[in-house]
Structure formats: C-alpha cells, structure tokens
Amino acid sequence: MSAPSDVLVVGASAAGLAVTESLRRKGYGGRITLLGEEAGAPYDRPPLSKQVLAGTWEAERAQLRTRDVLDALDAELVLGQRAVALDAAARTVRTESGTELRAEAVVLATGLHARRLPGLSGAAGVHVLRTLDDAGRLREELLKAERVVVVGDGVLGAEIAATARLMGVDVTLAGPQKAPMQAQLGDDIAQLLAGLHGEHGVRLRPGSLVDGLETADGRVTGVRTAGGEVLPADLVVAAVGGVPATDWLTGSGLVLRDGVVCDSRCRAAEDIYAAGDVARFHHEGLGRSLRLENRTNATEQAVLVAANILGEDRPYSPVPYFWTDQLGVKLQVYGLPAPGATVHIAEGAVGQGRFVARYLDGEGRPVAVLGWNMPKQARLHRQHLLDRYAPASRSAPAAAPR
Amino acid sequence: MRITVDEEKCCGAGQCVVIAPEVFDQRDEDGIVVLLDAAPAADQYEGARESAGVCPAAAIHLHEDA
C-alpha cells in the first residue's frame, strides 16, 4: 500500500508526539496534524508525581521537546482543542469548537482521565493527579498541608505518598491491597515496598476500602474507611486509577471495551489506529488482549503504529515494562508478575538493598523480572522473557486482512 | 551530529543501550546513561535518532547540525 497523504493524531502527549516523530524519522513527508486537549506544549507525566510535585523541577522541565524540536517536525499542532466526535468511515474528527479535521489515517492517543469516585469528591482539599495543572494545584496544597491521606495503593498512589513524605508531610497511604503495588509487584516484593514506606514514616492502611469523606464547612477533614475508621486529613489525593478517554468515541462505530479495541497491528478500523494508554490491542505472544498504562508503552506502540501506517504490517507484542522511583529506590519491572508466581533472587541480595528478582510461573517459566536499585542488571535479565512474549511462541492468527 | 544526555532526567530504562549499544551504555551502580560517543559516525545516526525518540525520560538531545 502507499502511504496516506495526511495523518491526524488525536492526543498530544507522549504517544501522539512519538507517532508524529516516528513518521518523520521514517521519512514520511505528508501532512501531519497533532490535536491536543491541553493548551501547553506536550509534556511528560512520570515526573508529575515525583520531581514536579516535589518542586525540584519547574514545570517547563517536564516538557517533552523544546520549541525548536517541535518546529522542526513540520507538523501542525492544534492545541487547546478537545476532540468531541469521530466519524470513523470518513476519518473526520470534530473538535469542541466545531472544527472538522479529516485525514487519510487517524491515530487515537487520548490517554486516560483520572478516575473520580462519587464518594471521594465534592469537598475542597480533594485532588487527583493526571495533568500538569493537577500537579501544580496539588503541590500548592501539599506545601500547606499537615496530614495527607492518599487513597489508592497502585503505582501512582505509592509515588505520591513517597514524594509527600519526603516533603515532610504526615502521610497515610490507604488502599484495598495487602501492600502497595501488590498487583504490579506480587506479594513478596510489595511487602518489601511496604517496609520501605514504613521505614520512612508513611502510615500504611492496607486492606482499607474507602467509604467516603468527612467534611467540615465544605472542606475535607478525613477519610472514612468501610471498617468505620476515620483517617484524619486536611488534604486527600484520590489515586484510584485511570479511565480510558473514549467517551468522545461513543457512537463512532469503533469497538470500545476498557479502551479502544484494536487488532495486533494496533488498528481499530480501516486506517484508524490507537496508541498509548487508551489502546487495547491483541498481544499475539500472550494470546489475549492487553492495555498497558505505562510510559514506554506509549512510545513503543507509537513507533509500531507509525510503521504500520506506512505499510509495514507488524504485530505489537511488547515485553511490558515500567519503572518507579520511590524513597530512594529505583524499581524496574519487565513482564507481568502473575499472581502466585514464585520469586527467586537472581542477583544481589535483599539485605543489601540491591537485587534482581525473577518471577516464575507454576511450570518454572520466567514471566517477569524486577530490579530493586539494579536497573542495568534487570534490563540484562529481560532477555529471559523474550520467548514468553514473542509472537512466534503461539500460533495466533494474523490480523484481519485489509 | 552531536549528542548530549541529561543524567538527571534519565530513568535508567536502558532502551538507548538496546537500540544503539555503540553510542550508549548504563552505569552499573544506578543504571544512569553513559554517553560512549558524543559525536558518532554517520552509520550510528539512525540508532541515535531512534534512541532520542523513544527515550521514556526525554533525556537524549541531538544537535543535528553540530
């Protein structure tokens, strides 16, 4: 097939920008439009819960590219314009101002919205963290706060708790799991992380379902757990997950199921692709659909989508990867630690505060690798996972012909 | 081409090392990027460009005209 004459990328964060850059790197000379909801230049999200929240970086430092680099892309940036509808057959996107943008190929990279629970809203002093503006508002209040409760014990909640603690705030981390990031790390390593948070004075409330807020004069004063305990707080952060930003695609004809459903080529429909947090794709190596909310997925998937737009027809079957930095510890996780996987220390030692762990499934096959303050060594162990995730390991059917 | 890296931004993912091992490495102790060749030969340009593009911390800067 020939390359499309123009490409419209909806979403101007890491994935959308990477599609644009990758198309240009491959020599694509057609017109590219990059449409973004936020008014500012594209920025990176991992620093929001760390350096930006802590104030060690100015907001500008989180920008993904300098103005010069963006200009050199020769793409039309349409920023501060939210997409509100897609006509998939006509590949036309309408924005909130009524503008219609049309292209021969469309990429959906609208990411996530922070999940807001009805029981956790409606009072002053309650925050979510997804955007740069969110981070600025949260930082301002953290500087004045005495007691913060972070609701949500996933990656983001654990990072916010860690950052707030290093800022000297009294922090309670409450969530339903036995230990923070249990879903991402498995039981054993999550307990180590709980220990790290405890050593730094983070109060942990594992196994806590949050029932609602206590308020006075419209401002939060505490978080009420299902067990009847009240955790006092003058600031609450709800880090209870993200929701794929697909509301605007309702009625578009695309299949939406916890994300934009795509084939193994990350194609949602003829000449329509999805990349990043919003994309649910068929992973041929695992033989199932998967949606990944991590930073490297945004760019890796974007690079693949750019290749497929230009006719390469490659499946996307990554070894999932994420990192997190908390309380002086760098964690790198490759693969998906399955519940019940057994953990073996492959290098270093837990007692030394540096190790690489391998997760084995019931048949002794490696399913994941974790580095605890050993980023390089963890990456070198990643090769043991390639068989598990490579498409050749299963005879999955190819994507639908086009 | 001239390459600079921002060690403070680097998150230690090591994707650059996988893509362009003649240009980038990682420190053993903390995984931070080590720039092996700040002015690589032309046959390394593609790898350097891809590394800068996919770096999940936006820590690699290329100066194409330098």
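Residues numbered from 1 in each chain as written. Chains lettered and ligands numbered in written order. Predicted model: local features only at pLDDT ≥ 70, side-chain atom pairs only at ≥ 80, totals over all residues. Heavy atoms only, no water.

Describing the UniProt feature "domain: Reductase C-terminal" (unreviewed entry) in chain A
- Those residues carrying the UniProt feature "domain: Reductase C-terminal" (unreviewed entry) are residues 321-390 of chain A in this numbering.
- Structurally, residues 321-390 of chain A comprises 16% helix and 50% strand, and the distance from its first C-alpha atom to its last is 15 Å. (UniProt positions renumbered as here; feature names shortened; annotations may be inferred. Helix = DSSP H or I, 4+ residues; strand = E, 2+ residues; numbered from the N terminus.)

Examining the pairing of strand E11 (residues 170-174) of chain A
All names here are of chain A.
- Among the 5 residues that make up E11, 4 are buried, leaving the element largely enclosed by the rest of the structure.
- Taken together, the 5 bridges between strand E10 (residues 147-151) and E11 define a ladder with parallel strand orientation. Bridged to Val150 within E11 is Leu173.
- Traced from E10 through helix H5 (residues 155-166) to E11, the parallel crossover comes out right-handed.
- Inspection of the sheet shows E11 paired to strand E12 (residues 203-205) by 3 bridges, in the parallel sense. Across the sheet, Thr172 pairs through a bridge with Arg203, a residue of E12.
- Following the backbone out of E11, through helix H6 (residues 182-199) and into the adjacent parallel E12, one traces a crossover that is right-handed. (Buried < 20%, exposed > 50% of the residue type's maximum accessible area, 1.4 Å probe, protein only. Pairing = 2+ DSSP bridges. Right-handed = clockwise from strand over helix to strand, strands pointing away.)

Observations regarding the sheet that holds strand E1 (residues 6-10) of chain A
Residue and element names in this part refer to chain A.
- Sheet architecture is open: 6 strands sit in the order E3-E2-E1-E7-E20-E19, paired in mixed fashion. Each edge of the open sheet carries a strand with a single partner, namely strand E3 (76-79) and strand E19 (267-269). The mean inter-strand angle of the sheet, taken between neighbouring strand axes irrespective of direction, is 20°.
- Bridge count for E19 against strand E20 (residues 272-274) is 2 bridges, and the pairing is antiparallel. In the sheet register, Ala269 faces E20, and the bridge partner there is Ile272.
- Against the sheet, helix H7 (residues 295-309) contacts E1, strand E7 (105-108) and E20, and its axis sits at roughly 165° relative to E20. (Axes fitted to C-alpha atoms, helices over the stretch in contact; angles between N-to-C directions. Contact = heavy atoms within 4.5 Å.)

Concerning the nonpolar core
- Among the nonpolar cores identified, the biggest contains 84 residues, and Leu86, Val93, Leu108, Leu254 and Val260 of chain A together with Phe24 of chain B are the most heavily contacted of them.
- Residue contributions to this core reach at least three from each of two domains, namely domain 1 (6-113 + 243-309) and domain 3 (328-393) of chain A.
- Beyond its immediate chain neighbours, meaning those up to four positions away, Leu86 of chain A contacts Thr92, Val93, Leu108, Trp248, Leu249, Ser252, Leu254 and Ile272 of chain A.
- Met181, Phe322, Leu331 and Tyr359 of chain A belong to the second-largest nonpolar core, a separate cluster that totals 23 residues. (Core = buried A, V, L, I, M, F, W, Y, C linked by side-chain atoms within 4.5 Å. Domains from an automatic or database assignment.)

Remarks on the interface of chain B and chain A
- Contact with chain B, which involves 27 residues of that partner, is made by 24 residues of chain A.
- Buried surface at the junction of chain B and chain A, summed over both partners, amounts to about 2,000 Å²; 44% is from carbon and sulfur atoms.
- Here chain B and chain A share 4 salt bridges between them.
- Residue Lys376 of chain A is joined to Asp25 of chain B by a salt bridge in which the shortest nitrogen-to-oxygen separation is 3.3 Å. (Buried area = accessible area lost by both parts, 1.4 Å probe. Salt bridge = Lys/Arg side-chain N within 4 Å of Asp/Glu carboxyl O.)

Focus on the sheet that holds E11 of chain A
Residues and elements named next belong to chain A.
- Strand order in the open sheet made by the 5 strands is E9-E16-E10-E11-E12, with parallel pairing throughout. Both edges of this open sheet fall to strand E9 (126-127) and E12, since each of them pairs with a single strand only.
- Here E10 runs beside strand E16 (residues 235-238); their pairing, made up of 4 bridges, is parallel. Across the sheet, residue Val151 finds its bridge partner in E16, namely Ala238.
- Sheet strands touched by helix H4 (residues 132-142): E9, E10 and E16. Its angle to E16, the strand with the most contacts, is close to 150°.

Details of the side chain of Gln182 of chain A
- Mapping Gln182 of chain A onto the fold places it in helix H6.
- Setting aside residues up to four positions removed in sequence, Gln182 of chain A forms contacts with Gln177, Asp187 and Ala190 of chain A.

Examining the domain arrangement of chain A
Residues and elements named next belong to chain A.
- The domains assigned to chain A are domain 1 (6-113 + 243-309), domain 2 (116-240) and domain 3 (328-393).
- The straight-line distance from the C-alpha centre of domain 2 to that of domain 3 is 28 Å.
- Taken residue by residue, the interface counts 8 residues in domain 2 and 11 residues in domain 3.
- A buried area of about 760 Å², summed over both sides, lies between domain 2 and domain 3, and 79% of it is on carbon and sulfur atoms.
- The three residues of domain 2 that bury the most area against domain 3 are Leu185, Ile189 and Leu192, which together make up 54% of that side's buried surface.
- Where domain 2 touches domain 3, the interface holds 0 salt bridges.
- At the junction of domain 2 and domain 3, the tally comes to 1 residue pair in polar contact (both at pLDDT 80 or more).
- Of the residues belonging to the side of domain 2 that touches domain 3, the class tally is 6 nonpolar, 1 polar and 1 charged. (Polar contact = N/O pair within 3.5 Å; in protein donor to acceptor, adjacent residues only side chain to side chain. Nonpolar A, V, L, I, M, F, W, Y, C, P; charged D, E, K, R; others polar.)

A few points about the packing of helix H1 (residues 14-25) of chain A against H7 of chain A
Residue and element names in this part refer to chain A.
- Packing of H1 against H7 leaves a shortest axis separation of 8 Å and a crossing angle of 40°. Taken together, the axis directions place H1 and H7 in an arrangement best described as oblique. Between H1 and H7 the crossing geometry is right-handed. Along its contact with H1, which presents Ala14, Ala15, Ala18, Val19, Ser22, Leu23 and Arg25, the element H7 presents Arg295, Ala298, Thr299, Ala302, Val303, Val305, Ala306 and Ile309.
- Of the residues belonging to the contact of H1 with H7, the class tally is 11 nonpolar, 2 polar and 2 charged. (Parallel < 35°, antiparallel > 145°, perpendicular 65-115°, else oblique. Left-handed = near helix turned anticlockwise from the far one by under 90°.)

Digging into the UniProt feature "domain: FAD/NAD(P)-binding" (unreviewed entry) in chain A
- Here the UniProt feature "domain: FAD/NAD(P)-binding" (unreviewed entry) sits at residues 6-302 of chain A.
- End-to-end, the C-alpha atoms of residues 6-302 of chain A are 17 Å apart, and along that stretch the chain is 24% helix and 30% strand.

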